[in-house]
Structures are given as structure tokens and as C-alpha cells.
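Commentary on secondary and tertiary structure
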2 protein chains.
Amino acid sequence: MEKFLKRIEEIAADRKHGARELYRWAVENLLDWVKKRGQSHPQELIPLLAETAKAQPSMAPLLNLVNRVLLAWEEGPQKTQDLLEESLKGEETSTATLVEEGMKVLKGKRIVTLSRSSTLLEVIKALLNRGEKVEILISEGRPLMGGVATARLFRDMGIEVTLCTDGLIFSLVQEGDVVALGADAITPQSLVNRCGTYPLALVARDRGVPFYTFTDTGKLLPQELVPLFKIEDHDPTEVLKDPHFNIVNYYFDETPLDCITGAVTERGVLTPEDLQRLMGEIKVSPRVKEIEKYLESP
Amino acid sequence: MEKFLKRIEEIAADRKHGARELYRWAVENLLDWVKKRGQSHPQELIPLLAETAKAQPSMAPLLNLVNRVLLAWEEGPQKTQDLLEESLKGEETSTATLVEEGMKVLKGKRIVTLSRSSTLLEVIKALLNRGEKVEILISEGRPLMGGVATARLFRDMGIEVTLCTDGLIFSLVQEGDVVALGADAITPQSLVNRCGTYPLALVARDRGVPFYTFTDTGKLLPQELVPLFKIEDHDPTEVLKDPHFNIVNYYFDETPLDCITGAVTERGVLTPEDLQRLMGEIKVSPRVKEIEKYLESP
């Protein structure tokens, strides 16, 4: 067991790799465990899954996976192994519907965005491939300037990009036709995404500009999984190298779900009500409570 | 005349001095002109005032001064000279009411703010002098980090300061009790202030947190002066040193006046309606139209 927990610790401490890699490693670790310890008492699974959830508590797909592993485990190790293997392949599942629907939403539009969404990027690439013109208005994305990196990427793809500070993007909403960005998680209450999303949604509503999040439904978190989800406070020196300052450095904020026009997903464009209904339909293992208790214990 | 226009050019080009100094120099320049050219044809005044307005088109008190000089000129050079001399002294006018009213609004509150307002600063100093505890939540203020400078100033005054990025300040509104900031200008439509103010006002309204601008009424711009007012696009390399990027770098945004709770002024706390009424009562010289035409001509 020690070995598996140590690998989770490594995943938690990693600052070099992206979400996709970390997710994959966490799944591989669970898969190794299930293969080797398939006959163990189910109770042994709880600490492993709890540590997995805790390692990347802002990674909604991983929290969903934890739930699905708990459910599969009720049907035995083989079922769990199948699920994990499927989940490794899952990354390549077709997002054809998402791309088609997303293109309809974005075609010919000036797009206001923040940070980076790989899902949005796929739709934009598809538009370019069809010879459509794309225009982007984006902010720089302090503290780590993720927006500048995305802006450069777009520019290198031949897209017309306008860049501004994070305080000014709101004033450019009226020059755009649509606000489009990603999602880190969607809960029954809110869209969790790069900070700045919440005020951007309010401005979009105030200006009558539609506001879409681009995401697969693996980021939908049913209510019972929300307690496992955490927005982390990051290294304050990313903001300012001054040890005598009280600095808050959350990367995400929370946008009330009724502020968004819709979510472009692999199941089509969904309204806030659609999203809430879908979240309500997700089966949640009663053992999630045990994971919660494990995480709460000192 | 050349000499006076040249001095205005210097004021326009100055990047080293603050608004207060630039204002003073512009007034002194007009005063010198009036003293030396008191007997000239009034028509000569138009280019001088137009160039003065153009030199600092985001400086509302200067635009108001231009209007008052036009009005005074109708009553002769002596009246104009009196006005300008008074205006130089005006900076020291008592702001006792503003400070008293402001203290009532801020006392015991966690204050969310942006950038720097010398008016707000006076109220906060008065609170500290009375032994009140002050807490500030402020964002860094890209591109020039004016918020960080203000945060350091507050900290050195012994105030408890929390600092965050410009995209995160909105998420801290719910931890504050009041949003308080300055004004660069107030028009019948909107509060013009550091960019980020508009979404901050929307978030404050969404969260039920009161939102006050701290300003003297010299920043109220009646409708007829609004055409002289300009929000300038600043040097893009302040945002990013990349010549191949389309960068927008306005310092200010516009908040619809009905989004604000009130303005703390030397005439007390004023509602949006009070402000609009006051702007409507300001007498405007018909010659403002001539200045507008002068500025529009190529």
C-alpha cells in the first residue's frame, strides 16, 4: 500500500505536468493497485481513493472517477479494472458533437475569452480547418500569464488576437459577440473556472452578450461529490515576492450557474437546467461519505 | 501665444508628474496668459483652452476649469484672473464634510478597493487618527502595479492589507463589507475609474455589498463637457513587450451610474440621482461648442 500512496504524493507535489498527465498517472496508479490487490478487503480502497481525491482536489474528472471506482468495486475487482482501463482510453473519446455544436456557437463571432481551454481550442481549430475567420479578445492571466501563452498560440495559428490586462477584458465584452471559455468543474450551484470568469459572466449578462462554457460532462460534479472538491490557495510569491504581505492566490472563481447561457458539451449545448438535471442523475456511491470522513479526520 | 502653447505641449508629454502637478501647471499657464494678454480678443482664448483640454483629456477637473474660464471671460480678464487664482488655492479647500461622511461609511468595515484614490486615502488616514481599525482588500493593478504601491502604503500605515491579482479581487467582494474607490470623472451616464471598476460594481450589486466612489464634485462632468473627455489608449509595451501583438491598454472603464450606491463628496453622500441633478445644474458656456469644433478640425 505504501508504494501506491507514495505515488499519489508524487502526483500531488508535481508542478511540472498538466492536468491530463496527472489524471493519467492517478488512474494508472489505481489500476496497478486493483490488479495487484484485487482480492483485498474493499475497505482498503477508501484511503487510496481519498488520497487520490486529496492530491488533485480541483480536478473534477478525477473526483468523478473516484465515485465510479467505488460503484464498480461493488461489482468486483474485474469490473473496477475494466472501468479504469476504459477511463485511460476515454481521453480519446469522440467529441464530434461538441465540436459541431461549438462551431455553430462561435462561427463568424468575435470571441472574448480567458486563460486556456483545450476544449475551446479544439472547436477553434475545427473552425480554422473549415476556412472560417476567427477573432479573439483575451486577457493576460496573472499571475502565471496563461492568457499570454494562449494568445501567442492563437496568433501563431493565424488568428487575429487582441490582448489586454485582466482588469480591462470586461470593457472589451461589448466589442465581442460571445464569451467562450472552459470549465474546471461544474457543480449544481456554479461554474468553477479561471478567476475573472464570474465578473465576466455578470458583464456579459449586463451587456446582453451570450456566455458559454466549453466542457465535456466529465466535469459535472454531483452535489455529493462537492465536499471533495477544493479550490486551492497557490504560492503567494507567484503574485508578489514580498514575504510580509498577506496574499490570496486562488486560480479559480465560482460563477452562479444561472449566469451562464449554456455549456457546449459532447451531449450538445446544455442550459443550466439541463446541467443540473444531468448532475442529479449521476449515481453516487454511499461510500463517498467514508472518503469525506477520511479526509476530515486529522 | 507660441510660448503658452509650447508649455501645454510639455504638460501633455509629461509622464513623470502626478495629476495634481499637471493641473497646477495648466492653471498657471492660463493665468500667465490672462495676465499678459488680458486685453486680447476673446477668440484668442479658444485655441489655448482647447489645447489645454486636449493635453489632459481624462482630467475632469481641468475640463471643468476650461468651462469656468469661458464663463468668467464673458465678465472680463480680471474675473478670469480671480477664478484662476482661486482655483490654484482651491486644492486646499476644506474636505471636512467628505472626511466625516466617508468615515461613517467606512468605519469598522473591511474595504475592497482598486488602484489609488487620494480622497479615499484621506478618509482612511482620518479613521486611523481616531484609533479605528482598518482592513483593506486590494488588487495589484496591472499594468503599472499601482495597486501594489497603494497596498504597500497602507501596510506601512499599519493597516491590515490583503493583496490579490486583478482577476481575483471580485471573489473577495463577499469577504468585504463595502467597495470604496476613487473617480477619474463622473458623467451623467457613468463613473469613469480604473479599469476593473465596472465589473466590481456588478459583483458588489450581485452580492449585496454597497459600492461607493470617493470624489470631490470637481470631477462631475456635465453632458456638454463629455465630448471633450477622452479615455486614452496607453503604451502597449506596458502590458507586453511584443511588437507583433494587438494590445489594448486603456487605464479606465465606465460604470453605469445606476450601478453605484453613492458618491462620498464634500457635499455629503450623493445618490446617482443627486449626482445627475448636480451635473444638470452646472452652467456651461456656449463657447464649449467652439472648443469642440477646434478639437475636431484636423
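Residues numbered from 1 in each chain as written. Chains lettered and ligands numbered in written order. Predicted model: local features only at pLDDT ≥ 70, side-chain atom pairs only at ≥ 80, totals over all residues. Heavy atoms only, no water.

As a further point, take the packing of helix 1 (residues 2-13) of chain B against helix 3 (residues 45-55) of chain B. Residues and elements named next belong to chain B. Orientation of helix 1 relative to helix 3, taken along the N-to-C sense of each, is 10°, at an axis distance of 9 Å. The angle between the axes of helix 1 and helix 3 places the two elements in the roughly parallel class. Side by side, helix 1 and helix 3 meet where F4, L5, I8 and A12 of the first sit next to P47, L48, E51, T52 and A55 of the second. Across the contact of helix 1 with helix 3, the residue classes break down as seven nonpolar, one polar and one charged. (Axes fitted to C-alpha atoms, helices over the stretch in contact; angles between N-to-C directions. Helix = DSSP H or I, 4+ residues; strand = E, 2+ residues; numbered from the N terminus. Parallel < 35°, antiparallel > 145°, perpendicular 65-115°, else oblique. Contact = heavy atoms within 4.5 Å. Nonpolar A, V, L, I, M, F, W, Y, C, P; charged D, E, K, R; others polar.)

Attention now moves to the pattern of salt bridges. A complete count under the given rule lists 37 salt bridges over all chains for this structure. We note a salt bridge from B:E140 to A:R142, for which the minimum N-O separation is 2.6 Å. Taken as a pair, B:E140 in the loop between strand 2 (135-139) and helix 8 (146-156) and A:R142 in the loop between strand 2 (135-139) and helix 8 (146-156) lie in two separate chains rather than in one. On the accessibility criterion, A:R142 (10% relative accessible area) is buried. Between B:R110 and B:E135 there is a salt bridge, and its shortest N-O distance comes to 2.8 Å. Taken together, the residues span a long stretch of sequence, with B:R110 in strand 1 (residues 110-113) and B:E135 in strand 2 at a distance of 25 residues. Classification of B:E135 by relative accessible area gives buried; the value is 16%. In this structure, a network of salt bridges that share partners links the residues A:E74, A:R287 and A:E290. (Salt bridge = Lys/Arg side-chain N within 4 Å of Asp/Glu carboxyl O. Buried < 20%, exposed > 50% of the residue type's maximum accessible area, 1.4 Å probe, protein only.)

Another point: the interface of chain B and chain A. Tallying the contact residues gives 41 residues for chain B and 41 residues for chain A. Here chain B and chain A share an interface that buries about 3,400 Å² over both sides, 61% of which is from carbon and sulfur atoms. Three residues stand out in chain B for area buried against chain A, namely B:L163, B:Y198 and B:F245, and they jointly supply 16% of the buried area on that side. If you look at where chain B meets chain A, you find eight salt bridges. Among the salt bridges present, the one from B:R205 reaches A:D206, with a minimum N-O distance of 3.9 Å. The interface formed by chain B and chain A includes 20 residue pairs in polar contact (both at pLDDT 80 or more). Listing elements by their share of the side of chain B that touches chain A, those giving two or more residues are helix 8, strand 3 (160-164), helix 9 (197-207), strand 8 (246-247) and strand 9 (252-256) of chain B. (Buried area = accessible area lost by both parts, 1.4 Å probe. Polar contact = N/O pair within 3.5 Å; in protein donor to acceptor, adjacent residues only side chain to side chain.)

A few words on the sheet that holds strand 6 (residues 190-194) of chain A. Note: strands within a sheet are paired through backbone hydrogen bonds, in either parallel or antiparallel orientation. All names here are of chain A. Taken in spatial order, the three strands make up an open sheet running 5-6-9, and their pairing is antiparallel. The open sheet has two free edges, formed respectively by strand 5 (185-186) and strand 9 (252-256), since each of these has just one partner strand. Where strand 5 meets strand 6, two bridges bridge the pair, whose relative direction is antiparallel. Each bridged residue has a counterpart across the sheet, and for I186 the counterpart in strand 6 is L191. Strands in contact with helix 9 (residues 197-207) are strand 6 and strand 9; relative to strand 9, the strand with the most contacts, it is inclined by about 35°. (Pairing = 2+ DSSP bridges.)

Take the pairing of strand 6 (residues 190-194) of chain B next. In regular strands, side chains alternate between the two faces of the sheet. All names here are of chain B. With four of five residues buried, strand 6 lies mostly within the body of the structure. Counted between consecutive antiparallel strands, the loop separating strand 5 (residues 185-186) from strand 6 contains three residues. As paired elements, strand 6 and strand 9 share five bridges and run antiparallel to each other. Of the residues in strand 9, the one forming a bridge with V192 is E254.

In short, geometric facts, not functional conclusions.
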